[in-house]
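Per-entry structural report
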Amino acid sequence: MDRVIFHVDVNSAYLSWEAVYRMQHLGVREDLRECASAVAGDAALRRGIILAKSIPAARCGVHTGDTVFEARQKCPGLVLVTPNYQLYETCSAVLFGILRTYTECVEPYSIDEAFLDMSGTEGLWGDPLHAAQRMAQEIRETLGFTVNIGISSNRVLAKMASDFTKPDRIHTLWREEIPEKMWSLPAEKLFFVGNAARRKLHLLGIRTIGEIASADERLLRLHLKKQGELIWKFANGADESIVAAETPPNKGYGNSTTIPFDVTDEKTARLVLLALCETLAARLRADGVSAGLAAVAIKTESFVCSSRQRVLPERTDSTRELYEAAVQIFRELWGGEPIRHLGVHAGRVSREPQMHQLSFFEERDSKKQRQLDRAVDTIRARYGMDAVKRAALLQSPIDHMAGGVSREKRRPDYRALGLL
Ligand SMILES: [Mg+2]
């Protein structure tokens, strides 16, 4: 029997959430969703990228990912607001809370998107379309923002459907509707087809999803490897993946940062990694856990992402050990392209006490390292995180404690904006 899968996606999430917050909590009259507006990072730090835009802004041609400069050129009166990640996390949590009252099987896909397995809930909520209408209405009425809901028998098709027309819309994309609703769309609208794949497909003369579907699978595999195989399946509506109800508890700790300038040399990249590990390892220590796996992610100037991970010889919460692992991984991963964003991830975390295996060729006193880390944590806790800095980062434009909650996720100053 066919399953019933929903993909729920908040319309212009960051912007809607900010608009609702301003109206409901700050008593602001103006609805950001109704004027040309966008959420963007700080332009001076080169985080000046459009993260979300209102529909009037989209009509002016503003795209997510545009620089603030580009967006302002397209839309001179554009109202810009700074991100408020704390607010987004709260909104996301209450949204997922509502979704979980409809089915136990909710898989958060991003902060504002989730897959729901609604199979077998007809007795409770009626047919899928009615269930979706009820869900959308409850979200609109209790939380004040709108969602798109895509309905199908698998995840890929449900996700495609939720993207059809916006906002506040419900679309079905059952298998039999594929030719009519999906095949005429441009190839890059298909899930998993990015810019690089689109270019390759164009060279093969493939411009629509229908043309991917009818292409020879071997040809796609030849030019696009595993991805070719996958998109051929997707274009034909096949996707066997299941909705995984919960993300496993504590998937690890991550920290990443967009660098204010392109990094083109290893020395600077190492400083960024050091700054990231500084914050990351401090979080591990604060939670009393250690990591058994490290990973590094790179986003290049042309927005190509790559990552690599490795198991650590033993679990650690030491800034220095994490940093050294990160540098090794970075060296294996980096091909020399200018870097705009770097991330470090610590996985396989555990609360169990660390066992330290003394190496025959022990190069340094790890007990001393631990004492040093603890001392630095104590000083920072008492006198602020800028009280102690590594000398390597003293004269550097890189924030010595890059990424993390404390700086990136700070709340916008509503008082300074005259809204309080
Ligand atoms: Mg969304």
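Before reading further, recall that the structure is shown in the block above.
Attention in this report is confined to the structure presented alongside it. It should be emphasised that the depicted structure is a prediction, and the values quoted were computed from it without experimental measurement.

**Observations concerning the packing of helix H12 (residues 266–286) against helix H14 (residues 366–383)**
- For the pair H12 and H14, interaxial distance at closest approach is 11 Å and the crossing angle is 90°. Comparing their axes, H14 and H12 come out roughly perpendicular. The residues of H14 that touch H12, namely those facing Glu-278, Ala-282 and Arg-285, are Asp-373, Arg-374, Asp-377 and Arg-380.
- Taken together, the residues of the contact of H12 with H14 break down into one nonpolar, no polar and six charged.

**Re the sheet that holds strand E11 (residues 305–316)**
- In space, the four strands of this open sheet follow the order E9-E12-E10-E11, with antiparallel pairing throughout. Of all the strands in the sheet, just strand E9 (253–263) and E11 have a single pairing partner and so form its edges. The sheet shows a mean angle of 15° between the axes of neighbouring strands, direction not considered.
- The strands that H12 touches are E9, strand E10 (291–300), E11 and strand E12 (339–347); relative to E9, the one it contacts most, it runs at about 155°.

**As for the packing of aromatic side chains**
- The full count for this structure, using the stated rule, is 11 aromatic pairs.
- The interplanar angle of 35° and the centroid separation of 5.9 Å between the aromatic rings of Phe-191 and Phe-234 together place this pair among those described as tilted. Separated by 43 residues along the polypeptide, Phe-191 in the loop between helix H8 (178–181) and helix H9 (195–203) and Phe-234 in helix H11 (residues 217–235) bring together distant segments of the chain.
- Since its relative accessible area comes to 21%, Phe-191 is described here as partly exposed.

**Structural notes on the packing of H9 against H11**
- At a closest axis distance of 11 Å, the pairing of H9 and H11 adopts a crossing angle of 125°. Taken together, the axis directions place H9 and H11 in an arrangement best described as oblique. Two packed elements cross with a definite hand, and for H9 against H11 that hand is left-handed. Side by side, H9 and H11 meet where Ala-197, Lys-200 and Leu-201 of the first sit next to Leu-220, His-223, Leu-224, Gln-227 and Ile-231 of the second.
- In terms of residue class, the contact of H9 with H11 is made up of five nonpolar, two polar and one charged.

**Here we look at the nonpolar core**
- One finds Phe-6, Leu-99 and Met-135 to be the most contacted residues of the largest nonpolar core, which totals 40 residues.
- Where this core is concerned, the elements lending two or more residues are strand E1 (5–10), helix H1 (13–25), helix H4 (85–100), strand E6 (113–117), helix H6 (128–143) and strand E7 (147–152).
- When near neighbours in sequence (up to four residues on either side) are disregarded, Leu-99 contacts Val-8, Val-106, Ala-114, Leu-116, Met-135 and Ile-139.
- Residues Leu-280, Ile-329, Phe-330 and Leu-342 belong to the second largest nonpolar core, which totals 36 residues.

What counts and how
Per chain, the residues get numbers from 1 upward, laid out in the order the sequence is written. This being a predicted model, a pLDDT of at least 70 is required before a residue's local features are given, and a value of 80 or more before pairs of side-chain atoms are given or counted; all residues contribute to the totals for chains, interfaces and linings. Just so you know, side-chain values use all the structure's heavy atoms and leave hydrogens and water out. Axes here mean lines fitted to C-alpha atoms, for a helix over just the part in contact, with angles spanning 0 to 180 degrees between N-to-C directions. A run of DSSP states H or I qualifies as a helix once it reaches four residues; a run of E qualifies as a strand once it reaches two. Both are numbered from the N-terminal end. Here roughly perpendicular refers to angles of 65 to 115 degrees, roughly parallel to angles under 35, roughly antiparallel to angles over 145, and oblique to all remaining angles. We call two residues contacting when some pair of their heavy atoms lies within 4.5 Å. In this classification, the charged set is Asp, Glu, Lys and Arg, the nonpolar set is Ala, Val, Leu, Ile, Met, Phe, Trp, Tyr, Cys and Pro, and all remaining amino acids, among them Gly, are polar. Strands are treated as partners if at least two bridges between them are detected by DSSP. Stacked, edge-to-face and tilted labels apply to pairs of Phe, Tyr and Trp rings (six-membered ring for Trp) whose centres lie within 6.5 Å, assigned for plane angles under 30 degrees, over 60, and everything in between, in that order. The buried label applies to any residue whose accessible area, calculated with a 1.4 Å probe on protein chains only, is under 20% of its type's maximum; exposed applies above 50%, and partly exposed to all values in between. Note: crossing handedness is left-handed where the near helix turns anticlockwise from the far helix by less than a right angle, and right-handed where it turns clockwise. The set of buried Ala, Val, Leu, Ile, Met, Phe, Trp, Tyr and Cys residues whose side-chain atoms join them within 4.5 Å is what this entry labels a nonpolar core.

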